[in-house]
Every structure is written in C-alpha cells, then in structure tokens.
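Analysis of the macromolecular model
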Amino acid sequence: EPLLGGTADIDLVLIHAEAPQVDREMIPLSADVHLDIVHHGRERYAQPRGLRVDPWIGPSISGPVFLYDPQHFFEWAQAGARGQFFRADHALARARSLLLSARSHLPHPPPPQLQVATLIEAALDGANAAASLAGAPAAGRRLLLDLERRAQALGRPELSDGLMRLIGIDRGDAKDAPSWLAAWARAFDAASPLTTDPRLAPCRRSYHLSGYQALAEAGRPDAVVLPLLLIWDRTIRVLEDYDQAAPFRPAWEDACECLGLSPDALKPRALELESYLDAMETLMDAWAVRNGA
C-alpha cells in the first residue's frame, strides 16, 4: 500500500565508495510522488555482522530490492548481516539499543527546558524498542498503525496505548487534528523556502498533508498526531532560526496545550515517560525469558 492520500515517496539508499557530500535529499517525480534518497558511505557496511544488531540498518538491509550492485558489494554485506538475523539474542540486542537511545534523550532529573520533540523522540524509541521484537521499527506516516500491529503481535496493547496516553490522546480521539494540519501547512509554506533541510522540501508538503488528511478521514485522526507533531516542531524551529515564527507560534502552542504538552506540563510528562520506558523494559525482559535470549 504505497499510496496514502494519493501520495507516496520512494525510499532509495545509494552507497558511495567515498564519503557522500549530502546525507539525504528529496527529488520530486510528480506532484504526488517523490524520491527520498539517503546517501551512505561504503565504510558503514564494512562490518556487516555488526549491522544485524543495528535497530534501523539491520531490518532495512535484511530484504531490500537490489537496483544496481555490479561488484556484489551489497550482496556480500547483506549476507553477513542476515546471518542469524532473527535469532532471539540479536533481536533483543536491537531492542535494547533503541531503549538505550530512548533513555539517553532524557537525563534524570528532566531538564527545566524540555522540548516537545525530545519527549516524543524518546517515547518513540521506547515504543520501537519493544515493537522491534515483532518486526522492524515503525516510522513514517503510518507509524502509530504499525506500532499497534506490533503490539497486537506481542499481545501487549500497552505498547501503543501507553504511547498514545503520553502524547495526550486516546484511540480515535483527536477532533482538532484537521485544524492542526491546516495550521502546520501555513507554517510549512513560510519555512520551506528558508531552509535546505530535506524534511521541509516543497515536495514533502503534499506527502504529509494529503497522507494525514486521509488518516483523519478514515476515522483515525489520532494516528496523525505523533508524526504531525514531529514535523510541526521542526517547521517552527526553522522559522525561529529566521525570526519568522511569531505568526505561527500561537497555533502550535494551542495544540501543545490541548495535548497537555505545554512547557509547564512537560516535566511531569517526562516522569510518566520514565514509567513507560520501565514498562517497555519489563516487556522486553519477559520476552527474553520466553524466547531464550
């Protein structure tokens, strides 16, 4: 199901003999489809057995479509990474790496000026730590739906339910999502010409907006909130860098207030996040015992 709201991106990884000049770029193919290209240096794949426990590269290297590999370099790297990829201890190692990343976002005690994106990124890493025991980590526009499927496969609904509570929503409940989308789109239109950040490339506007509108119209406006908050936060940051955020901050702050993510609420929410991460670690420990990891 590549299309969502009639839009899609095509994910490509190009492996260079030398260090690439850019890490990521977007190239439009049409009004509704664009290439999302990530550039890697060859040295990243020099130790393929280590890639099997990388929580992001490991799953992506496991089963891609080969486009061009005349020297069979990637085929060699993939063979090393896929060897015993699904072994329980390797799956647990990928999960623990993500949990460690989640905890590294938030020192204890939480800092006085915690950012919304920091809390969300930590929560997503924690959710994906547990979710990766049942498949690849979730990302992109359908990330909440994918996390729900992982939670169902593990028989642990608290994985996705707890994440939703952390950002102040219940399943199916986000009645303000359409107005938030419109406010973000206005901010995006102002921010996109100011930056070379590929996440705010013009072709990403329709990709986000049409996809999120489709989720809301399908009865899952709650599934919009997490990815929208991340791109909205990034949009506001770019506008702040150019001292152009003032007209767009009120809508952003109202959305955060509605979700219980205002500056005053973030510190207690961070304490709730610590409890959530503890619960994910307990889930992982129980899985390890059951699966001999």
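Report follows, based on the coordinates. Model, not experiment: these values are computed from the prediction.

This paragraph deals with the overall build of the protein. The helix and strand tally for the protein stands at 12 helices and 3 strands. Taking 293 residues into account, the globule formula puts the C-alpha radius of gyration at 19 Å, and the protein, at 20 Å, falls close to it. Looking at the 293 residues of the protein, the share that counts as buried comes to 47%. Sequence separation of at least 24 residues holds for 69% of the intrachain contacts in the protein that already meet a minimum separation of 6. Approximately 14,500 Å² of the protein is accessible, and the part contributed by carbon and sulfur atoms is 53%. Taking the average location of the 29 positive side-chain charges in the protein and that of its 39 negative ones, the two points are 5 Å from each other.

The next subject is the nonpolar core. Note that soluble globular proteins tend to have their nonpolar side chains buried in a common cluster. L147, L159, L228, W232, L273 and Y276 are the most contacted members of the largest nonpolar core, which has 75 residues in total. Ranked by residues supplied to this core, first place goes to helix α10 (residues 222-241) with 11 residues. The residues touching W232, leaving out its near neighbours within four places in the chain, are W180, A183, W184, A251, W252 and A255. Core analysis: the next-biggest nonpolar cluster, separate from the first, contains 8 residues, Y45, L51, I61 and A81 among them.

What follows covers the environment of A185. In this structure, A185 sits in helix α8 (residues 177-191). The buried category is assigned to A185, whose relative accessible area is 4%. Between the C-alpha atom of A185 and that of L159, which follows or precedes it by 26 residues, the distance is 30 Å. Once you skip the residues sitting within four places of it in the chain, A185 turns out to touch R205 and L209.

Roughly 350 Å³ of internal volume is contained in the second largest pocket. Among the elements of the structure, α10, α11 (249-258) and α12 (263-291) are those that each provide at least two residues to the lining of the second largest pocket. The greatest single-element share of the lining of the second largest pocket, amounting to 5 residues, is contributed by α11. Class assignment of the residues belonging to the lining of the second largest pocket gives a composition of 9 nonpolar, 3 polar and 7 charged.

With that out of the way, let us pick up the side chain of D233. Inspection of the secondary structure assignment puts D233 in helix α10. Looking at D233, its side chain comes within polar contact range of the side chain of R237, at 2.7 Å. For D233, the residues in contact, after removing those within four places along its chain, are A117 and W252.

Each value, and the rule that gives it
Residues numbered from 1 in each chain as written. Predicted model: local features only at pLDDT ≥ 70, side-chain atom pairs only at ≥ 80, totals over all residues. Heavy atoms only, no water. Helix = DSSP H or I, 4+ residues; strand = E, 2+ residues; numbered from the N terminus. Rg over C-alpha atoms; globule rule 2.2 N^0.38 Å. Buried < 20%, exposed > 50% of the residue type's maximum accessible area, 1.4 Å probe, protein only. Contact = heavy atoms within 4.5 Å. Areas by Shrake-Rupley, 256 points an atom, 1.4 Å probe, with all protein chains shown as cover. Lys, Arg positive; Asp, Glu negative; His and termini not counted. Charge placed at Lys NZ, Arg CZ, Asp CG, Glu CD. Core = buried A, V, L, I, M, F, W, Y, C linked by side-chain atoms within 4.5 Å. 1 Å grid on protein atoms, 1.4 Å probe; cavity = no way out; pocket = protein on both sides within 12 Å on 5 of 7 lines; lining within 4 Å. Points joined across faces, edges and corners; volume = space filled by probe spheres on them. Nonpolar A, V, L, I, M, F, W, Y, C, P; charged D, E, K, R; others polar. Polar contact = N/O pair within 3.5 Å; in protein donor to acceptor, adjacent residues only side chain to side chain.

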